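Here are the chains, one letter per residue:
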Amino acid sequence: MKTLFITLLLCLSFLSLVFAQKLKTENVILITLDGTRWQEIFTGAEQRLINKKFVSDSAGLTKKFWNESPEKRRKLLMPFFWSTIKQQGQLYGNRTLGNKVNVTNNQWFSYPGYNEILTGSADNERIHSNDKFDNPNKNVLEFINQQKGFSGKIAAFSSWDVFPYIINSKRNGILVNSGIVEAKGDINANEKLLNELMYEVPNPLGDVRLDGFTFHYGFEYLKKKNPRVLYLSFDETDDFAHDGKYDLYLESAHYIDGFINKLWTWLQSNEKYKGKTTLIITTDHGRGNKSDEDWRHHGGKMPECDQIWMALLGPDTQALGEVKSEEQLYQNQIAKTLAALLGLDYTNEHKPGDIIKSAMK
Ligand SMILES: [Zn+2]
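Draft legend 1. Region of the structure containing unusual backbone geometry. Of note, Trp-108 is a non-glycine position whose phi angle comes to about 65°, a positive value. With respect to the helices and strands, the residue Trp-108 is situated in the loop between strand 3 (99-102) and helix 6 (110-119). You will see that Asn-226, though not glycine, has its phi angle at about 50°, which is positive. Within the secondary structure, Asn-226 is located in the loop between helix 11 (211-225) and strand 6 (229-234). The exposure class of Asn-226 is partly exposed, given the 13 C-beta atoms found within 10 Å.

Draft legend 2. Up close: the pairing of strand 3. Side-chain alternation along strand 3 places Asn-99 and Val-101 on a buried face and Lys-100 and Asn-102 on a face that remains uncovered. The pairing of strand 3 with strand 11 (residues 327-330) spans 4 bridges and is parallel. Bridged to Asn-102 within strand 11 is Tyr-330. With 2 bridges joining them, strand 3 and strand 8 (residues 307-308) adopt antiparallel strand pairing. Within strand 8, the residue paired with Val-101 across the bridge is Ile-308.

Draft legend 3. Representation of the nonpolar core within the structure. Counting 96 residues, the largest nonpolar core has Val-140, Leu-141, Ala-156, Ile-280, Met-310, Leu-338 and Ala-339 as the members making the most contacts within it. In terms of residues, this core owes the most to one element, helix 13 (residues 246-267), which gives 10 residues. Contact partners of Ala-156, with chain neighbours within four places excluded, come to Leu-141, Phe-163, Ile-167, Ile-174, Leu-175, Val-176, Tyr-231 and Ser-233.

Draft legend 4. Seen up close, the sheet that holds strand 3. Spatially, the 3 strands line up as an open sheet ordered 8-3-11, and their pairing is mixed. Two strands lie at the open edges of the sheet, namely strand 8 and strand 11, each paired on one side alone.

Draft legend 5. Structural context of the sheet that holds strand 1 (residues 27-33). Strand order in this open sheet of 8 strands is 5-4-6-1-7-9-2-10, and the pairing throughout is mixed. Among the strands making up the open sheet, the edge pair consists of strand 5 (175-178) and strand 10 (321-322). In this sheet, strand 10 lies alongside strand 2 (residues 90-92) in parallel orientation, the contact comprising 2 bridges. Paired with Gln-90 across the bridge in strand 10 is Gly-321. Against the sheet, helix 11 contacts strand 4 (154-158), strand 5 and strand 6, and its axis sits at roughly 170° relative to strand 6.

Draft legend 6. Here's a closer look at the environment of Thr-119. With respect to the helices and strands, Thr-119 occurs in helix 6. The spatial distance from the C-alpha of Thr-119 to the C-alpha of Leu-141 is 8.5 Å, given a sequence separation of 22 residues. Setting aside residues up to four positions removed in sequence, Thr-119 forms contacts with Asn-137, Lys-138, Asn-139, Val-140, Ala-335, Asn-348 and His-350.

Draft legend 7. Up close: the environment of Tyr-273. For Tyr-273, the position within the fold is in the loop between helix 13 and strand 7 (277-282). Residue classification places Tyr-273 among the buried positions, given that 20 C-beta atoms sit within 10 Å. Along the sequence, Tyr-273 and Glu-40 sit 233 residues apart, while their C-alpha atoms lie 30 Å from each other. Non-local contacts of Tyr-273, meaning those with residues more than four positions away in its chain, are made with Asn-27 and Leu-267.

Draft legend 8. Structural detail: the packing of helix 11 against helix 13. Put simply, helix 11 and helix 13 touch, their axes get as near as 11 Å, and they point 10° apart. Of the possible angle classes, the one that applies to helix 11 and helix 13 is roughly parallel. On helix 13, the residues touching Asp-211, Gly-212, Phe-215 and Phe-219 of helix 11 are Ser-252, Tyr-255, Ile-256, Phe-259 and Leu-263. Residues belonging to the contact of helix 11 with helix 13 are distributed by class as follows: 6 nonpolar, 2 polar and 1 charged.

Draft legend 9. Main features of the packing of helix 10 (residues 189-197) against helix 11. At a minimum axis separation of 10 Å, helix 10 and helix 11 run at an interaxial angle of 155°. Viewed along their axes, helix 10 and helix 11 adopt a mutual orientation that is roughly antiparallel. Handedness of the crossing formed by helix 10 with helix 11: left-handed. In contact with Asn-190, Glu-191 and Leu-194 of helix 10, helix 11 contributes Phe-213, His-216, Tyr-217 and Glu-220.

Draft legend 10. Expanded view of the pairing of strand 4. In terms of residue burial, strand 4 counts as a mostly covered element, since 5 of its 5 residues are buried. Going residue by residue along strand 4, you find Ile-154, Ala-156 and Ser-158 tucked away on one face and Ala-155 and Phe-157 tucked away on the opposite face as well. Judged from the 4 bridges that link them, strand 4 and strand 5 form a sheet pairing that is parallel. Residue Ala-156 lies in a different strand from strand 5, and its bridge partner there is Val-176.

Analysis parameters
- Residues numbered from 1 in each chain as written.
- Predicted model: local features only at pLDDT ≥ 70, side-chain atom pairs only at ≥ 80, totals over all residues.
- Helix = DSSP H or I, 4+ residues; strand = E, 2+ residues; numbered from the N terminus.
- Buried ≥ 20, exposed ≤ 12 C-beta atoms within 10 Å, placed from the backbone.
- Pairing = 2+ DSSP bridges.
- Core = buried A, V, L, I, M, F, W, Y, C linked by C-beta atoms within 7 Å.
- Contact = placed C-beta atoms within 7 Å.
- Axes fitted to C-alpha atoms, helices over the stretch in contact; angles between N-to-C directions.
- Parallel < 35°, antiparallel > 145°, perpendicular 65-115°, else oblique.
- Nonpolar A, V, L, I, M, F, W, Y, C, P; charged D, E, K, R; others polar.
- Left-handed = near helix turned anticlockwise from the far one by under 90°.

Below, the structure written as structure tokens:
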């Protein structure tokens, strides 16, 4: 009996050791770039779009983002993606290689996309507008917020002011700093400066906060409050695309790549996050690609707008780089994968998509 007990104990400790080795992630940062196409992520700037019609300085933009080689071109646009993430993480969605990521909702615009990312399920019945209405669906952030050790350790910073409704912070009390909103309470010098600057620079996006503010407000919060799940939601890429400003669309994607680089570098220098933090980066929807004008638009009636991409980087994520195998992933897998990285089994009444198995060793 005693031997059996010791054997059992050894087995259990072995199992817990395996589990501990298997999942090092204690924190997750989810990042979205609204309506950023897989075409630019995987092949960089498009020559046909760098013309006078869509950019103010064709020569300047060509110099900055153009190269004959798609590999060099994408690295000019997204240097962090195509150095650190390519070397240490995973990039899904290069359809020219047969690797596909799609949304499963049939709307192909923002609220339905974010609902799918955050709840793990499409809801075409109830989620079919971008209006400010409280999301009836429970999401993975509030699920995690209810788990032991996570309460009050979740926060979201977004440029678009619909996020308090998409996340339904009224219901779940999750901190959602969204749109033209200042940092409040016990603020530091950086936050004080951001609060002033936000009203002192021209903002062509109106109610949408410029992504630089969203990033720095979120970054200051991360450094100060150490959340275990942080969601950073950027928006400029979508707005500038709708405006037909291809130069600003590219510049925004480039800045955001720089924000992620800054974030990752800091995470690796901090004991609470180093080697324990996974980044999940994706988008809410694709954009058109047929005519020269189509890249500006998206929606359920426009072909290919369900095509998206995703990237992962973290201690449990194998260094597969650009995933070249023929494979189909879906947007509805993100929520369950995010929770699983934290050792949690997320489910809801709509049954979320399966875990992305290749996202964990
Ligand atoms: Zn849009």
